[in-house]
Amino acid sequence: MNGSGAADMPLDKRISLDDAVGRLQNGMTIGIGGWATRRKPMALVRAIARSGLRDLTVVAYGGPDVGMLAAAGKLRKLIFGFVSLDHSPLDPHFRLARQAGAFEVMELDEGMVHWGLRAAAMRMPFLPTRVGTGTSIADQGLKTVVSPYEDGEEFIAMPALRLDAALLHVHRADALGNTLVLSPDPFFDELMARAADQVIVTAEAVVETDALNMPANLRFNPFERSVVSAVVEARFGAHPTAANPDYGLDLAHLKTYTETPWAAYYSRFVELAPEEYLEAVGGAARVGALPEAVY
Amino acid sequence: MFTLAELCIVAMAQAWREDDEVLASGMTLLPRLAAGLAKLTLNDALLMTDGENGFVTEPVPVGPRGDYKPRLEGWAPYARTFDNLWSGKRHAFVAPTQIDRYGQTNISTIGLREKPKAALLGARGFPGNTIHHPNSFFFPSHHKRAFVAGEVDFVCGAGYNPERWMNGKKPIGLDLRLIVTDLAVLDFTGPGNSIRVKSLHPGVSFAKVQENTGFELMGEDAPETEAPSAEALEVIRTRLDPHGLRASVFK
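Within any chain, residue numbers begin from 1 and follow the written order of that chain's sequence. Each chain is given a letter, starting from A, and each ligand a number, starting from 1, according to the order in which they appear as written. The model is predicted, so local features are restricted to residues of pLDDT at least 70 and side-chain atom pairs to those at 80 or more, both for listing and for counting; the totals for chains, interfaces and linings are taken over all residues. Excluded from the side-chain calculation are hydrogens and water; included are all heavy atoms of the structure.

Draft legend 1. Focus on the pairing of strand β7 (residues 154-159) of chain A. All names here are of chain A. When DSSP finds two or more bridges between two strands, those strands count as paired. Numbering of helices and strands runs from the N terminus; a helix is a DSSP stretch of H or I covering at least four residues, while a strand is a stretch of E covering at least two. The pairing of strand β5 (residues 126-129) with β7 spans four bridges and is antiparallel. Looking across to β7, one finds that Thr129 is bridged to Ile156. In this sheet, β7 lies alongside strand β6 (residues 144-146) in antiparallel orientation, the contact comprising three bridges. When the sheet's bridge partners are listed, Val145 is paired in β7 with Phe155.

Draft legend 2. Layout of the sheet that holds strand β10 (residues 176-181) of chain B. All names here are of chain B. Judged by pairing direction, the sheet is mixed, and its six strands sit side by side in the order β1-β4-β9-β10-β11-β12 without closing on themselves. The open sheet is flanked by β1 (23-26) and β12 (196-200), the only strands paired with a single partner. If you compare each strand with its neighbour and ignore which way they point, the axes differ by 15 degrees on average. Pairing of β1 with strand β4 (residues 90-94) involves four bridges; the strand directions are parallel. Bridge pairing in β4 places Ala24 opposite His91. Note on definitions: a residue-residue contact is assigned when non-hydrogen atoms from the two residues lie within 4.5 Å. Only the stretch in contact is used when a helix axis is fitted, and all axes are lines through C-alpha atoms; the angle between N-to-C directions ranges over 0 to 180 degrees. Helix α1 (residues 4-13) contacts β4, β9 (135-139), β10 and β11 (184-187) of the sheet and is inclined by roughly 175 degrees relative to β10.

Draft legend 3. Seen up close, the packing of aromatic side chains. Each pair of aromatic rings taken from Phe, Tyr and Trp, with Trp reduced to its six-membered ring, is defined by centres within 6.5 Å and is described as stacked if the planes are under 30 degrees apart, edge-to-face if over 60, and tilted in the remaining cases. Applying the stated criterion to the full structure yields 23 aromatic pairs over all chains. Judged by centre distance (5.4 Å) and plane angle (35 degrees), the ring pair of Tyr61 of chain A and Phe188 of chain A falls under tilted. Residue Tyr61 of chain A is located in strand β2 (residues 56-62), and its partner Phe188 of chain A is located in the loop between β9 (179-180) and α6 (189-195); the two are separated by 127 residues in the primary sequence. For every residue, the accessible area obtained with a 1.4 Å probe (protein chains only) is divided by the maximum for its type, and the residue is called buried under 20%, exposed over 50%, and partly exposed between those limits. Look at Tyr61 of chain A and you get buried, because its relative accessible area is 1%. Taking the centre distance of 4.9 Å and the plane angle of 40 degrees together, the rings of Tyr265 of chain A and Phe269 of chain A count as tilted. In this pair, Tyr265 of chain A and Phe269 of chain A are both assigned in helix α9 (residues 262-270), four residues apart and thus about one turn of the helix distant. Members of the aromatic cluster, connected to one another through ring pairs, are Trp35, Tyr61, Phe82, Trp115, Phe187 and Phe188 of chain A together with Tyr78, Phe82 and Trp86 of chain B.

Draft legend 4. Summary view of the interface of chain B and chain A. Each partner contributes to the interface: chain B provides 46 residues, whereas chain A provides 46 residues. With both sides pooled, the region where chain B packs onto chain A buries about 3600 Å², and carbon together with sulfur makes up 56% of that total. When residues of chain B are sorted by the area they lose upon contact with chain A, Tyr78, Arg124 and Met166 of chain B head the list and together hold 19% of the total. Here, a salt bridge means any Lys or Arg side-chain nitrogen found within 4 Å of an Asp or Glu carboxyl oxygen. Inspection of the region where chain B meets chain A yields four salt bridges. Between Arg38 of chain A and Glu52 of chain B there is a salt bridge, and its shortest N-O distance comes to 3.1 Å. Two N or O atoms count as a polar contact when they lie within 3.5 Å, although within protein this holds only if one can serve as hydrogen donor and the other as acceptor, and sequence-adjacent residues are included solely when both atoms are side-chain atoms. Between chain B and chain A we count 20 residue pairs in polar contact (both at pLDDT 80 or more) in total. Here the quantity called buried area is the accessible surface, traced with a 1.4 Å probe, that two parts lose on coming together, added over both.

Draft legend 5. Spotlight on unusual backbone geometry. Residues and elements named next belong to chain A. His239 connects to Pro240 through a cis peptide bond whose omega is 10 degrees. Cis geometry marks the peptide bond from Asn244 to Pro245; its omega dihedral reads 5 degrees. Looking at the secondary structure, you find Pro245 in the loop between β11 (230-233) and α8 (251-259). One non-glycine residue, Ala36, adopts positive backbone phi at about 55 degrees. With relative accessibility at 0%, the residue Ala36 sits in the buried group.

Draft legend 6. Up close: the pairing of strand β1 (residues 29-32) of chain A. Residue and element names in this part refer to chain A. Residues Thr29 and Gly31 line one face of β1 and the alternating positions Ile30 and Ile32 line the opposite face, and both faces are buried. Note that β1 and β2 share four bridges and pair parallel. Looking across to β2, one finds that Gly31 is bridged to Val59. With respect to chirality, the unit in which β1 leads through helix α2 (residues 42-50) into the neighbouring parallel β2 is right-handed. Here, the term right-handed applies to a crossover whose path from the first strand over the helix to the second runs clockwise when the strands point away from the viewer.

Draft legend 7. Representation of the side chain of Asp109 of chain A within the structure. With respect to the secondary-structure elements, Asp109 of chain A resides in the loop between β4 (104-107) and α5 (110-121). One buried charged residue, Asp109 of chain A, remains without a salt bridge, the closest side chain of opposite sign being Arg90 of chain B at 8.4 Å. Separated by 2.7 Å, the side chain of Asp109 of chain A and the backbone nitrogen of Gly111 of chain A make a polar contact. Polar contacts involving the side chain of Asp109 of chain A include one to the main-chain amide nitrogen of Gly128 of chain B, which spans 2.9 Å. Setting aside anything within four residues of it in sequence, one finds Asp109 of chain A in contact with Val131 and Ile137 of chain A together with Arg124, Gly125, Phe126, Pro127 and Gly128 of chain B. Note that His is not counted, nor are the chain ends; the positive residues are Lys and Arg, and the negative ones are Asp and Glu.

Draft legend 8. Looking closely at the pattern of salt bridges. Residue and element names in this part refer to chain B. In the structure shown here, the tally under the stated rule is 27 salt bridges over all chains. Across the pair Asp19 and Arg177 runs a salt bridge whose closest N-O atoms are separated by 3.1 Å. Remark: Arg177 occurs in strand β10 and Asp19 occurs in the loop between α1 and β1; sequence separation between them is 158 residues. Judged by relative accessible area, Arg177 falls into the partly exposed class, the value being 29%. Of the charged contacts in the structure, one is a salt bridge between Glu151 and Arg164, with a shortest N-O distance of 2.7 Å.

Draft legend 9. Region of interest: the sheet that holds β6 of chain A. All names here are of chain A. With respect to topology, three strands assemble into an open sheet ordered β5-β7-β6, the strand pairing being antiparallel. What marks the edges here is a single partner per strand, and that holds for β5 and β6. Adjacent strand axes in the sheet meet at a mean angle of 40 degrees, parallel and antiparallel pairs treated alike. Along the sheet, α5 contacts β5 and β7; its crossing angle with β5, the most-contacted strand, is approximately 145 degrees.

Have a look at this one:
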């Protein structure tokens with residue numbers, strides 16, 4: 001797209017949640033940002049679960065995002081290091097689907113996921129690593145590469161995890177795609193953003209550029225706006241995962257999630273418009289006041 | 001008087017006694033308490049986190065914190081966790097589901113890979129951890145489903161099994177240290193780093209440990225596991241676990 005910054009048509013990447021889902025296609029490889037129960041783009045995940053999308057390959061440091069997409073039958077393949085709900089670690093919806101053999105897996109060490117994303121972000125076909133040596137991870141068809149230097153050591157060649165799309169949840173964004181991640185850990189969202197052909201960010205609030213208060217917040221800007229394709233405003237869009245400092249993890253809701261069969265959970269919490277969802281989980285005042293969880 | 005949980009915490013803390021200035025990571029409740037105990041009573045050079053993104057100068061008590069605020073001394077985002085662990089400056093005490101004679105560990109799947117009988121967490125950081133820095137293991141229930149015959153169902157953590165090593169060469173940081181269970185303390189000091197009983201918990205015989213293990217053990221003449229000191233018990237009870245969460249570990 002050339003000249004989108006022309007004076008008569010200012011750059012504006014804002015789109016709706018449904019339009020964001022519309023930019024995805026069957027069979028795509030999609031990276032989902034955050035880590036386990038922290039800062040997952042859950043509003044977008046629920047929208048995908050409601051959509052007709054199928055045969056997705058998902059790359060994630062997995063939490064309820066993976067559990068929901070697995071339960072909704074959206075996965076063809078999962079590329080992951082773990083799926084965990086932290087406090088009550090095992091996600092029953094993920095487990096049921098995995099145990100039924102509902103999708104393929106490429107199981108990696110957490111650091112290998114990081115490395116594969118970094119390779120893609122650098123437009124490299126692979127990065128060498130020792131990780132995987134000595135384990136069953138190496139038996140999944142990973143190839144090796146020999147150091148051309150004196151050491152001659154042989155390494156696993158971690159293949160690039162190139163993404164068709166990355167879905168990331170941030171605290172603030174502007175219409176141009178400038179973003180702020182205010183939580184204490186940026187995780188590996190930056191690498192996912194750079195590894196992806198298109199990046200869709202959902203934001204707690206979409207504000208004017210000056211309201212991002214960049215002079216005070218430069219260190220919280222995870223990547224430059226040119227990697228961002230679309231911006232969706234999604235207040236409480238990480239719920240039930242945490243978006244500290246705006247709101248904490250909803251442990252009570254996660255308990256409901258783990259204890260409710262998927263069909264019932266789907267009709268109570270997924271098959272809803274975002275406003276209805278917020279009411280179903282107790283309203284804005286409740287979610288906005290969720291305290292920081294203790295890990 | 002002390003409980004089995006307290007005995008295990010004290011035994012696990014010993015793992016970090018001789019370590020340099022490394023990150024002590026205790027995963028799940030008792031190893032975490034043990035790391036705290038090690039820092040407060042055995043080795044104050046250890047680095048420790050609050051379980052999230054801060055390095056702390058003293059271990060954070062588990063459970064509701066009341067007015068307690070973690071004393072932060074540095075930033076520990078997950079990216080830094082990987083950078084640090086690849087450097088080798090860490091000793092993790094983790095709780096796998098299965099272990100085999102080689103010290104290979106599993107937290108991923110039980111049974112067939114395509115349609116597992118049980119899908120657990122996934123390999124997490126085990127593959128990278130086990131080839132870069134020292135690791136120790138806690139098993140709250142010592143039985144043959146955990147201490148398996150043959151190999152574990154999916155090898156997440158590397159062990160002393162040259163068949164799986166790249167070109168048969170030992171990985172750069174492979175260094176398995178201690179296993180603590182509800183029955184005994186074991187280590188890897190048998191021939192070829194095989195597993196040996198180091199000490200037996202009070203009232204437990206070597207035969208009982210062997211009976212509950214799917215492979216042959218050394219260490220018939222192991223002494224009794226040392227009882228916790230009054231100081232250690234005081235630190236566990238008042239500073240590290242004031243709400244007594246440790247009572248929930250052994251039924």
